[in-house]
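Residues per chain, in single letters:
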Amino acid sequence: MSDASKLTRREALARGGALAAGAALFPSDALARLGVLSPQEAVVPWLNAPEPGGRANTLDWQALTSWVTPTEDLFSVGHYGQPEVAASSWRLSVSGLVQRPASYTLAEIRARPSESVVFALECAGNRGFATFVGAVHNAEWTGTPLAPLLEEAGVLEDGIEVVFWGADEGEEEIRGNTVTQSFARSMSLEDAMDPRLLLAYEVNGSPLPTGHGFPLRLVAPGWYGVANVKWLTRIEVRDKRFMGRFMARDYVTLREEQRDGQPVWTESSVGRARINSIPAKVVRRNGGGYRIHGAAWGADLARVEVSVDGGPWTPATLGEGSDDPYTWTFWQLDWDAGAGEHTVTSRAVGRDGSVQPAADDPIVANKLTYWESNGQVTRLIRIG
Ligand SMILES: Nc1nc2c(c(=O)[nH]1)N[C@H]1C(S)=C(S)[C@@H](COP(=O)(O)O)O[C@H]1N2
Ligand SMILES: [Mo]
């Protein structure tokens, strides 16, 4: 892919600014490149896309225009409901195998050095069901980096695992016992020390809404949604792998693999994001012809390719986000579509050579659990 065919985020933002200043000066082509449709351009609906809104605020791909997801459009997942946390009594404790256990108020967290990151966060259950296809958002999170906090606490030599505990809790039946457990996820110490990880108190420039983890959540660019623990209250360093429900019972992928011609059933905990893309919508253009718009995420992308009616893979033009592996990337392809029914399939290709699997690839097809369903999406459309 040539660099000239890419629109960097900075360029897109610059053009966005120019756009706001004088939209009339822009030909519709430039508007479309920004993912902004002029009024005359119409979305031609998919014939096989589920109705949006099956679950709270999941994305309506055919209505998508904004590269940064507005806060009111963020989908939300809370396995134990939404706890109301009072900021005044809330504390974040750093404990376990550390030399200097600590407890922070929200003001103390906010007083630390702050950073912002735009990150495409996808629920690992996204597309695990036919009706659940919009559980991904691309928001800007602001907070303080986690690694210096762990460094200040002084992790002891035996510490190998960092557990992030939320304030939300529920009753769990575990081997005949009923216990009250908090939502918790863990990472290896090495993963937790990644400088990209933030303890975030703002999204899109405002304090976190209750549904997204007020007052503080972990933001882990490059990881599936479940790793981004909301309503964070405790960070604990331990000397053993943590095997709570959301590490070792749910968010576990069960898949048949082959070893020397023999089937082997493997179970693995959902963790890092997987390469993904989707055709979002087709628009009929002002000057004639059609344009396919889509999004891709979950990897450092080399390109996105589109196949119409099962034909050859054609590279799409990458737009906003293509210079950042942790955001989603908008892409588009002009399409000289004839009348009739057509299929549109997209696939993302990573710089490391990884390719988004076809729907019948064993890595997707031989998976029994619904998490990590990143197979290619084929949409059906009638033109004319
Ligand atoms: N404390 C806590 N954190 C949580 C969860 C939860 O149930 N409790 N759900 C996780 C899951 S499964 C996802 S997909 C993301 C969703 O983040 P969002 O609600 O801000 O979109 O939050 C994660 N963090
Ligand atoms: Mo999730």
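Numbering of residues begins from 1 in every chain and follows the order in which that chain's sequence is written. To read the labels, note that chains go from A and ligands from 1, taken in the order they are written. The model is predicted, so local features are restricted to residues of pLDDT at least 70 and side-chain atom pairs to those at 80 or more, both for listing and for counting; the totals for chains, interfaces and linings are taken over all residues. With hydrogens and water excluded, all non-hydrogen atoms of the structure serve as input to the side-chain values.

Draft legend 1. Representation of the overall build of the protein in the model. Numbering of helices and strands runs from the N terminus, with a helix taken as a DSSP run of H or I at least four residues long and a strand as a DSSP run of E at least two residues long. In terms of helices and strands, the protein carries 7 helices and 21 strands. A simple rule labels every residue: compare its accessible area, found with a 1.4 Å probe on the protein chains alone, to the largest value its type can have, and call it buried under 20%, exposed over 50%, or partly exposed in between. The proportion of buried residues among the 384 residues of the protein is 50%. Taking the intrachain contacts of the protein between residues at least 6 apart in sequence as the baseline, contacts between residues at least 24 apart amount to 69%. Per element, the accessible surface of the protein, about 17,100 Å² overall, is 50% carbon and sulfur. Between two residues, a contact is recorded if the distance between any of their heavy atoms is within 4.5 Å. All accessibility values rest on the Shrake-Rupley procedure with a 1.4 Å probe; residue burial counts only the protein chains present in the view.

Draft legend 2. Examining the sheet that holds strand β17 (residues 314-315) more closely. DSSP bridges decide pairing: two strands pair if at least two such bridges lie between them. Spatial ordering of the open sheet is given by β17-β16-β20-β21, a layout of 4 strands whose pairing is antiparallel. The open sheet has two free edges, formed respectively by β17 and β21 (378-383), since each of these has just one partner strand. Sheet analysis places strand β20 (residues 340-350) next to β21, joined by 6 bridges and oriented antiparallel. Paired with Gly340 across the bridge in β21 is Ile383.

Draft legend 3. Quick peek at the sheet that holds strand β7 (residues 177-188). Spatial strand order, β3-β2-β11-β6-β7: 5 strands in an open sheet with mixed pairing. Each edge of the open sheet carries a strand with a single partner, namely β3 (102-104) and β7. In this sheet, adjacent strand axes meet at a mean angle of 30 degrees when their direction is disregarded. Angles run from 0 to 180 degrees between N-to-C directions of axes, and those axes are lines fitted to C-alpha atoms, restricted for helices to the stretch in contact.

Draft legend 4. Region of interest: the site of ligand 1. As a matter of local geometry, ligand 1 sits amid 19 residues, with Phe75, His79, Asp168, Arg217 and Lys230 nearest to it. In protein, a polar contact means a hydrogen-donor-capable atom and an acceptor-capable atom, both N or O and within 3.5 Å, with residues adjacent in sequence counting only if both atoms are side-chain atoms; elsewhere, any N or O pair within 3.5 Å suffices. In this structure, His137 approaches ligand 1 through a side-chain N or O atom, which is 2.7 Å from an oxygen atom. Lys230 places a polar side-chain atom, nitrogen or oxygen, 2.5 Å from an oxygen atom of ligand 1. Coverage of ligand 1 by the protein amounts to 100% of the 540 Å² it exposes when considered alone. Here a residue is near a molecule or strand as soon as one of its heavy atoms is found within 4 Å of it.

Draft legend 5. Structural context of the pattern of salt bridges. Here, a salt bridge means any Lys or Arg side-chain nitrogen found within 4 Å of an Asp or Glu carboxyl oxygen. Here the structure, examined in full by the defined rule, presents 17 salt bridges. Residue Arg259 pairs with Glu257 through a salt bridge whose shortest N-O separation is 2.7 Å. For Arg259, a relative accessible area of 40% corresponds to the partly exposed category. The class of Glu257 is partly exposed, set by a relative accessible area of 24%. Each of the salt bridges in this network shares a partner with another, and the network as a whole consists of Glu172, Arg245 and Asp250.

Draft legend 6. Expanded view of unusual backbone geometry. The omega angle of the peptide bond from Phe214 to Pro215 is 5 degrees, so this bond is cis rather than trans. When you line up the elements, Pro215 lands in the loop between β9 (206-207) and β10 (217-219). Positive phi values are uncommon outside glycine, yet Asn204 reaches one of about 50 degrees. Here Asn204 shows up in the loop between β8 (198-203) and β9. Judged by relative accessible area, Asn204 falls into the partly exposed class, the value being 24%. Even without glycine at this site, Asp309 takes up a positive phi of about 55 degrees. Position of Asp309 among the secondary structure elements: in the loop between β16 (301-308) and β17. On the accessibility criterion, Asp309 (44% relative accessible area) is partly exposed.

Draft legend 7. Quick peek at the packing of aromatic side chains. Stacked, edge-to-face and tilted labels apply to pairs of Phe, Tyr and Trp rings (six-membered ring for Trp) whose centres lie within 6.5 Å, assigned for plane angles under 30 degrees, over 60, and everything in between, in that order. Here the structure, examined in full by the defined rule, presents 11 aromatic pairs. These aromatic residues form a ring-pair network of at least three members: Tyr80, Phe129, Phe183, Phe246, Tyr251, Tyr370 and Trp371. Both a distance and an angle decide whether a charge sits over a ring: NZ of Lys or CZ of Arg must be within 6 Å of the ring centre and within 35 degrees of the ring normal. Here the basic side chain of Arg234 rests over the ring of Trp165, its NZ or CZ set 4.7 Å away from the ring centre.

Draft legend 8. Highlighting the nonpolar core. Side-chain atoms within 4.5 Å are what join buried Ala, Val, Leu, Ile, Met, Phe, Trp, Tyr and Cys residues into a set we call a nonpolar core. Counting residues in hydrophobic clusters, the biggest one holds 55 residues, and the most contacted among them are Leu92, Trp141, Leu146, Phe164, Met187, Leu199 and Ile235. Considering every element that reaches this core, the biggest residue donor is β8, with 5 residues. Here Leu199 is in contact with Leu92, Gly143, Thr144, Leu146, Leu149, Leu216, Arg217, Leu218, Leu232 and Ile235, once residues within four sequence places are set aside. Within the second largest apolar cluster, 21 residues are counted, among which are Ile292, Val304, Val344 and Ile381.

Draft legend 9. Local environment of the environment of Arg91. For Arg91, the position within the fold is in the loop between β1 (42-44) and β2 (92-96). Distance in space between the C-alpha atoms of Arg91 and Ser103 is 6.2 Å, their sequence separation being 12 residues. Here Arg91 is in contact with Ser103, Tyr104, Thr105 and Thr233, once residues within four sequence places are set aside. At 3.2 Å, the side chain of Arg91 and the backbone oxygen of Ser88 are in polar contact.

Draft legend 10. Looking closely at the confidence of the model for the protein. Put simply, the protein has an average pLDDT of 91, and 89% of its residues get 70 or more. Low pLDDT, under 50, characterises residues 1-28; the stretch is placed with 37 contacts to residues that sit more than four places away or in other chains. In predicted models, pLDDT denotes the confidence assigned by the predictor to each residue on a 0 to 100 scale.

Draft legend 11. A look at the environment of Phe164. Within the secondary structure layout, Phe164 lies in strand β6 (residues 161-174). Linking Phe164 and Arg234, residues 70 residues apart in sequence, is a C-alpha distance of 6.0 Å. For Phe164, the residues in contact, after removing those within four places along its chain, are Leu146, Phe183, Ala184, Arg185, Met187, Ala192, Leu218, Val229, Leu232, Arg234 and Ile235.

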